Amino acid sequence: MAVVGTPMVWCLAVLTLAGIYAFRFGRESYLGLLARRENLRGLKALYTLLLIKLSARGFEVKRPYLTPLEYAGQHPELTRFAAIYTMLRYREALSETERLQAWQELRASYREILERSLRPGFWPALQRLFSLKGLYYS
């Protein structure tokens, strides 16, 4: 009977896998904290967090050469979020009222996208829990 690895190899494999998942969930938590801010860093964090969560829900990974609006062209449910994100990211002249309203709309759009993309059931929940596709955005 052949031995399939030594206990040391198995232990190393389990620790590596645990480290990968700890990195995944730690990064999502960190991005969630950054996304609470209403500045450029918070804006980028919210967008990255959205992409990570969507990839865990079965969306294909966004290619680096696609702008948010181009990616939204492939997924119409992202159009509103992408438009507001682009405005906040690149428009220089916004009044404080416009900026606050845009942030409220962006966060509402974020929540709506996540709510609509959530497939109920046990297997989709397992897929979201164990998916490592979001590591692409690291």
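Overview of the structure. The model shown is predicted, which means the values in this text are computed figures rather than measured ones.

Each value, and the rule that gives it
- Residues numbered from 1 in each chain as written.
- Predicted model: local features only at pLDDT ≥ 70, side-chain atom pairs only at ≥ 80, totals over all residues.
- Heavy atoms only, no water.
- Helix = DSSP H or I, 4+ residues; strand = E, 2+ residues; numbered from the N terminus.
- Rg over C-alpha atoms; globule rule 2.2 N^0.38 Å.
- Buried < 20%, exposed > 50% of the residue type's maximum accessible area, 1.4 Å probe, protein only.
- Areas by Shrake-Rupley, 256 points an atom, 1.4 Å probe, with all protein chains shown as cover.
- Lys, Arg positive; Asp, Glu negative; His and termini not counted.
- Charge placed at Lys NZ, Arg CZ, Asp CG, Glu CD.
- Salt bridge = Lys/Arg side-chain N within 4 Å of Asp/Glu carboxyl O.

### A short note on the overall build of the chain
- Regarding its fold elements, the chain presents 6 helices and 0 strands.
- Starting at the N terminus and walking to the C terminus, you meet the elements of the chain as α-α-α-α-α-α.
- Relative to a compact globule of 138 residues, whose C-alpha radius of gyration would be 14 Å, the chain shows 18 Å and is clearly more extended.
- A principal-axis box enclosing the C-alpha atoms of the chain has dimensions of 70 × 30 × 25 Å.
- A total of 138 residues make up the chain; the buried ones form 34% of that total.
- With an accessible surface of roughly 9000 Å², the chain has 64% of that area assigned to carbon and sulfur atoms.
- Computing the positive centroid from 20 side-chain charges and the negative centroid from 11, the chain places the two 8 Å apart.

### Let's talk about the pattern of salt bridges
- A full pass over the atoms with the stated rule returns 7 salt bridges.
- A salt bridge links Glu 28 to Arg 24; the nearest nitrogen and oxygen atoms lie 3.0 Å apart. Within this pair, Glu 28 and its partner Arg 24 are both found in helix H1 (residues 7–34), separated by 4 residues, close to a single helical turn. Of the two residues, Glu 28 and Arg 24, both sit in the buried class.
- Taking the shortest distance from any N to any O, the salt bridge between Arg 80 and Glu 112 comes out at 3.7 Å. You can see Arg 80 sitting in helix H4 (residues 79–90) and its partner Glu 112 sitting in helix H5 (residues 96–117), a full 32 residues away along the chain.
- On the basis of relative accessibility, which here comes to 37%, the residue Arg 80 falls in the partly exposed class.
- With relative accessibility at 35%, the residue Glu 112 sits in the partly exposed group.

### Structural notes on the environment of Arg 116
- Its place among the elements puts Arg 116 in helix H5.
- Residues Arg 116 and Glu 77, spaced 39 residues apart in sequence, show a C-alpha to C-alpha distance of 8.7 Å.

On their own, these measurements won't tell you what the molecule is for.
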